[in-house]
Amino acid sequence: MLKKDLSIEFMGVKFENPFLLSSSPVGNCYEMCSKALESGWGGIVFKTVGFFIANEVSPRFAELQKERAPFVGFKNMEQIAEHSLEENLAAMKKLKEDYPNKVLIASIMGQNEKEWEDLARLVTEIGADMIECNFSCPQMTSHAMGSDVGQNPELVKKYCQAVRRGSNLPFLAKMTPNIGNMVEPAYASMQGGATGIATINTVKSIVGVDLEKQIGLPIVNGKSSVSGYSGKAVKPIALRFIHELKTNEKTKDAPISGIGGIETWEDALEFILLGCETLQVTTSIMQYGYRIVEDLISGLSHYMEEKNIDKLEDLVGKAIDNIIPAEDLDRGYIVYPEINKDECIKCGRCYISCYDGGHQAISWDKENREVSVDKDKCVGCHLCSLVCPVKCISKGEIKFKNENENREISL
Ligand SMILES: Cc1cc2nc3c(=O)[nH]c(=O)nc-3n(C[C@H](O)[C@H](O)[C@H](O)COP(=O)(O)O)c2cc1C
Ligand code: SF4
Ligand code: SF4
């Protein structure tokens, strides 16, 4: 297996690769974390610990499917650790002793300033390399914790100051996506002493309703609750928030650990290109196991080899400037779809979508099951390319709206 040097320095700590377990059941005890580290993960964010011990419901998960694809999105109703604080501290201490070259990040959640300070001190004493402050779990049974705190910049700042009093370690503030503007709490956390930002935690959701019983999912003795959504479906939301943080004057220099729907090396690379230096994963590990790290490492290594890139840090943030405000986009041309007739399987889906959801620009020869584009009607939206099951519609001829214009276009 091709292995490039994927090491990176993040918030003053050296990581052998950027891939970490995110805080969740995938890093719940010594045995699980040990197996993950042996499988190749660069580090772990241990399941959030606190003085509050969670009492969980059963069942606690539900999924969103589309056309029978499982786990498009994943809903969980879990809170923080179910084991005692002492047990978790002992597990983390042993992990650091047994794996000194891997990075141990302790995720903590307090209910008041004193608890945040005490927790920061305790995890520092057992040898954690970093702390992550969980300001973002959306299904805590107490409103003194979780995403209710993360939506309140003043509280975030106060609790970060408490963490800083309890520890000199670098620490991440983990943000909630259940907010319109992430810059405010992220900036408040930096003012309170946070070294970087971890984002995103789960998105508040109702993932489905059982139609027979007329109860939301999962059903807990005849009822359900709003709770956190993760997995592939949340990746676009995560990327959007990360870009927002990386382009705002107040937060653009904050180191970011990216989280949300990372399954493949391509997903991971997207987060890196938008400015993340480390990456955290839960849902895809719950579905496929720790071994996905092999694909993450090998895929990223091959990409770097192909692009002649020796250091991972040379990729960080490369796509940030290519996402610009809508008003600055070039609106001066139309690019027409080009159908490759040799590859077309004559399914007619492009015709149906263009007719019912587009601009009636594709005609359908019923006799021969052939499609063709009428350029007088086509607006170049490319809905047809997206629905084509064999992807035989590409970008073709360019027409400039101002006919006198002719210039190079990057498609
Ligand atoms: C079952 C489950 C439990 C979680 N528990 C925690 C937790 O204790 N602390 C925390 O900060 N995030 C927790 N999370 C959120 C994840 O760490 C992560 O931010 C989120 O799931 C998005 O990443 P993903 O799409 O890779 O799962 C949990 C997520 C899931 C699915
Ligand atoms: S680009 Fe849009 S308008 Fe043109 S043929 Fe395709 S779906 Fe129809
Ligand atoms: S959707 Fe694709 S395969 Fe189907 S008719 Fe259109 S071009 Fe052909």
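Analysis parameters
Residues numbered from 1 in each chain as written. Chains lettered and ligands numbered in written order. Predicted model: local features only at pLDDT ≥ 70, side-chain atom pairs only at ≥ 80, totals over all residues. Heavy atoms only, no water. Helix = DSSP H or I, 4+ residues; strand = E, 2+ residues; numbered from the N terminus. Rg over C-alpha atoms; globule rule 2.2 N^0.38 Å. Contact = heavy atoms within 4.5 Å. Areas by Shrake-Rupley, 256 points an atom, 1.4 Å probe, with all protein chains shown as cover. Lys, Arg positive; Asp, Glu negative; His and termini not counted. Charge placed at Lys NZ, Arg CZ, Asp CG, Glu CD. Buried < 20%, exposed > 50% of the residue type's maximum accessible area, 1.4 Å probe, protein only. Near = heavy atom within 4 Å. Nonpolar A, V, L, I, M, F, W, Y, C, P; charged D, E, K, R; others polar. Polar contact = N/O pair within 3.5 Å; in protein donor to acceptor, adjacent residues only side chain to side chain. Core = buried A, V, L, I, M, F, W, Y, C linked by side-chain atoms within 4.5 Å. Salt bridge = Lys/Arg side-chain N within 4 Å of Asp/Glu carboxyl O. Pairing = 2+ DSSP bridges. Axes fitted to C-alpha atoms, helices over the stretch in contact; angles between N-to-C directions. Parallel < 35°, antiparallel > 145°, perpendicular 65-115°, else oblique. Left-handed = near helix turned anticlockwise from the far one by under 90°. Expected span 1.5 Å × (residues − 1).

A. Structural detail: the overall build of the protein chain. Along the backbone of the protein chain there are twelve helices and 20 strands. Whereas a compact globule of 411 residues would reach a radius of gyration of roughly 22 Å, the protein chain reaches 24 Å, a difference of no more than 12%. Taking the intrachain contacts of the protein chain between residues at least 6 apart in sequence as the baseline, contacts between residues at least 24 apart amount to 70%. In the form shown here, the protein chain has an accessible surface area of approximately 19800 Å², with 48% of it arising from carbon and sulfur atoms. Of the charged side chains in the protein chain, 46 are positive and 58 negative, and the gap between their average positions amounts to 2 Å.

B. Region of interest: helix α8 (residues 265-273). Along α8, seven of the nine residues are buried, which leaves the element largely enclosed by surrounding structure. Residue Gly-275 follows α8 closely and has a positive phi angle near 115°.

C. Geometry of the site of ligand 3. As a structural note, the neighbourhood of ligand 3 is formed by Ile-339, Cys-344, Ile-345, Lys-346, Cys-347, Gly-348, Cys-350, Cys-388, Pro-389, Val-390, Cys-392 and Ile-393. Residue composition of the shell around ligand 3, grouped by class: ten nonpolar, one polar and one charged.

D. Layout of the side chain of Asn-88. Relative to the elements of secondary structure, Asn-88 occurs in helix α2 (residues 85-98). Under the relative-accessibility criterion, Asn-88 is labelled buried at 2%. Side-chain polar atoms of Asn-88 contact the backbone oxygen of His-83, separated by 3.3 Å. Excluding its chain neighbours within four sequence positions, the residues that come into contact with Asn-88 are Asn-28, Phe-46, Val-49, Ala-81 and His-83.

E. Spatial organisation of the site of ligand 1. Residues in contact with ligand 1 amount to 24 residues; listed here are only the nearest, Ser-22, Ser-23, Thr-48, Gly-261 and Thr-283. Contacts to ligand 1 include Ser-23, whose backbone N or O atom sits 2.7 Å from an oxygen atom. With respect to ligand 1, the backbone of Gly-231 contributes an N or O atom lying 2.8 Å from an oxygen atom. Taking 610 Å² as the accessible area of ligand 1 by itself, protein coverage stands at 99%. For the shell around ligand 1, the elements supplying multiple residues, two or more each, are β4 (43-49) and β6 (69-76). Residues belonging to the shell around ligand 1 are distributed by class as follows: six nonpolar, 15 polar and three charged.

F. Representation of the nonpolar core. Judged by nonpolar contacts, the single largest core of 101 residues is most densely connected at Phe-19 and Trp-41. Per-element tally for this core: the top contributor is helix α10 (residues 292-307), with seven residues. Residues Ile-334, Ile-339, Cys-354 and Cys-378 belong to the second largest nonpolar core, which totals 13 residues.

G. Representation of the pattern of salt bridges within the structure. A complete count under the given rule lists 27 salt bridges for this structure. Note that Lys-375 and Glu-397 form a salt bridge whose closest N and O atoms lie 2.6 Å from each other. Residue Lys-375 is found in the loop between β19 (370-373) and α12 (383-387), and its partner Glu-397 is found in strand β20 (residues 393-400); the two are separated by 22 residues along the sequence. In this structure, a network of salt bridges that share partners links the residues Glu-113, Lys-114, Glu-117, Asp-118, Arg-121 and Arg-165.

H. Focus on the sheet that holds β6. With antiparallel pairing, four strands are arranged side by side in an open sheet as β5-β6-β14-β11. Across the chains shown, the open sheet's two edge strands, defined by having one partner strand only, are β5 (61-66) and β11 (203-205). Looking at each pair of strands side by side, their axes are set apart by 45° on average, direction ignored.

I. Broad picture of the environment of Glu-115. Of note, Glu-115 is situated in helix α3 (residues 113-125). Given the relative accessible area of 14%, Glu-115 is considered buried. Taking the C-alpha atoms as reference points, Glu-115 and Gly-166, 51 residues apart in sequence, are found 9.8 Å from one another. Residues within four places of Glu-115 in sequence aside, it is in contact with Phe-51 and Gly-110. In this structure the side chain of Glu-115 is engaged in a polar contact, spanning 2.9 Å, whose partner is the backbone nitrogen of Gln-111.

J. How the structure looks around the packing of helix α1 (residues 30-39) against α2. Where α1 meets α2, the closest approach of the two axes is 9 Å, and the angle between their N-to-C directions is 25°. Of the possible angle classes, the one that applies to α1 and α2 is roughly parallel. Crossing handedness for the pair α1 and α2: right-handed. Residues Tyr-30, Cys-33, Ser-34 and Leu-37 of α1 pack against Ala-91, Lys-94, Leu-95 and Asp-98 of α2.

K. Up close: α10. Between its first and last C-alpha atoms α10 spans 23 Å; for 16 residues at 1.5 Å apiece the expected length is 22 Å, and the two agree. Buried within α10 are the following residues: Ile-292, Val-293, Leu-296, Ile-297, Ser-298, Gly-299, Leu-300, Ser-301, Tyr-303 and Met-304. Those residues of α10 hidden inside the fold are in contact with β3 (19-21), α1, α8, β16 (276-281) and α9 (283-288). Of the residues flanking the end of α10, it is Asn-308, one or two places downstream, whose phi is positive at about 60°.

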